[in-house]
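In case you want the letters, here they are:
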Amino acid sequence: MHSPFVWFDNIGPKRAKTTDFLAKTFGWQPQDIGPMTFLTNDGDKPFAATCDEMPDISGWVPYVEVEDLSAETTKAVANGALIVAEGLQGPAGTATFIRDPGGAVLAIWKRAAP
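A quick note: this is a predicted structure, and the numbers were derived from the prediction, not measured.

Participant: Looking at this model, I keep getting lost on the side chain of Thr37. Mind explaining?
Facilitator: Here Thr37 is to be found in strand β3 (residues 36–40). Under the relative-accessibility criterion, Thr37 is labelled buried at 5%. At 3.0 Å, the side chain of Thr37 forms a polar contact with the side chain of Arg15. Discounting residues that sit within four places of it in the chain, Thr37 has contacts with Arg15, Thr19, Pro30, Gln31, Asp32, Ala48, Ala49 and Thr50.

Participant: In this structure, what is going on with the nonpolar core? I would like to understand it.
Facilitator: A general feature of soluble globular proteins is that nonpolar side chains tend to end up buried together. Among the nonpolar cores identified, the biggest contains 15 residues, and Val61, Tyr63 and Phe97 are the most heavily contacted of them. Elements supplying a minimum of two residues to this core: β1 (5–11), β3, β4 (48–51), β5 (59–65), β7 (93–99) and β8 (105–111). With three residues, β8 is the single largest residue contributor to this core. Formed by eight residues, the second largest nonpolar core is a distinct cluster that contains Val66, Leu69, Ala81 and Ile108.

Participant: Sorry, what's going on with the pairing of strand β2 (residues 29–32) here?
Facilitator: Every other side chain in a regular strand lies on the same face of the sheet, so the side chains alternate between the two faces. Two elements, β2 and β3, share four bridges in a ladder whose sense is antiparallel. Each residue of the ladder has a partner; that of Pro30, found in β3, is Leu39. Hairpin connection between β2 and β3: a loop of three residues separates the two successive antiparallel strands, and Gly34 in this loop has a positive phi of roughly 105 degrees.

Participant: I tried to follow a nonpolar patch on the surface on my own but got confused; where do I start?
Facilitator: Together, Phe5, Phe8 and Trp60 make up an exposed nonpolar region whose accessible area comes to about 330 Å². Among the structural elements, Trp60 can be located in strand β5.

Participant: Help me out: how do you make sense of the packing of aromatic side chains in this one?
Facilitator: Evaluation of the coordinates by the stated rule reveals six aromatic pairs. Ring geometry for Trp7 versus Phe38: centroids 5.7 Å apart, planes at 85 degrees, classification edge-to-face. Remark: Phe38 occurs in strand β3 and Trp7 occurs in strand β1; sequence separation between them is 31 residues. Using a relative accessible area of 15% as the deciding quantity, one classes Phe38 as buried. Geometrically, the ring pair formed by Trp28 and Phe47 is edge-to-face, given 5.0 Å between the ring centres and 85 degrees between the ring planes.

Participant: Is there a simple way to think about the pattern of salt bridges in this case?
Facilitator: Oppositely charged side chains can form a pair if their charged atoms are brought close together. Going through the model one piece at a time under the given rule, you end up with five salt bridges. A salt bridge links Asp52 to Arg15; the shortest N-O distance between them is 3.3 Å. With Asp52 in the loop between β4 and β5 and Arg15 in helix α1 (residues 15–26), this pair connects stretches of sequence that are 37 residues apart. As a salt-bridge pair, Glu72 and Lys75 come within 3.4 Å of each other at their nearest N and O atoms. Taken together, the residues Glu72 and Lys75, both in helix α2 (residues 69–78) and three residues apart, mark about one turn of the helix. Taking relative accessible area as the criterion, Lys75 reaches 45% and is therefore assigned partly exposed. Here the salt bridges do not stand alone but share partners, grouping Arg15, Asp32 and Asp52 into one network.

Conventions we followed
- Residues numbered from 1 in each chain as written.
- Predicted model: local features only at pLDDT ≥ 70, side-chain atom pairs only at ≥ 80, totals over all residues.
- Heavy atoms only, no water.
- Helix = DSSP H or I, 4+ residues; strand = E, 2+ residues; numbered from the N terminus.
- Buried < 20%, exposed > 50% of the residue type's maximum accessible area, 1.4 Å probe, protein only.
- Polar contact = N/O pair within 3.5 Å; in protein donor to acceptor, adjacent residues only side chain to side chain.
- Contact = heavy atoms within 4.5 Å.
- Core = buried A, V, L, I, M, F, W, Y, C linked by side-chain atoms within 4.5 Å.
- Pairing = 2+ DSSP bridges.
- Patch = residues over 30% accessible without salt bridge, like charges linked within 9 Å, V, L, I, M, F, W, Y side chains within 5 Å.
- Areas by Shrake-Rupley, 256 points an atom, 1.4 Å probe, with all protein chains shown as cover.
- Salt bridge = Lys/Arg side-chain N within 4 Å of Asp/Glu carboxyl O.
- Phe/Tyr/Trp six-rings, centres within 6.5 Å; stacked < 30°, edge-to-face > 60°.

As structure tokens, then:
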């Protein structure tokens, strides 16, 4: 099974300014839900969010959806990734943020049960 990118967070210290920029530049509609601001296209389902800053993480973070978060995290570490943050609970599931061997951060994400 291939694991697709399914979501994107923009994490940084200037969440409001970033959200305003994205709305004005790309026409994305913001919906602030507290810990993050969802971004949509004219009422569509959200596809990304702007979020408050996190230690050691800044910029766009893509999410890769997986079936087994623990197994995929173990595999990522075995292949050279470093864990940045584990067990992050969000509105739609649980994520572990990793840094790949090249230095980029991405999230391994397991969708919450319906």
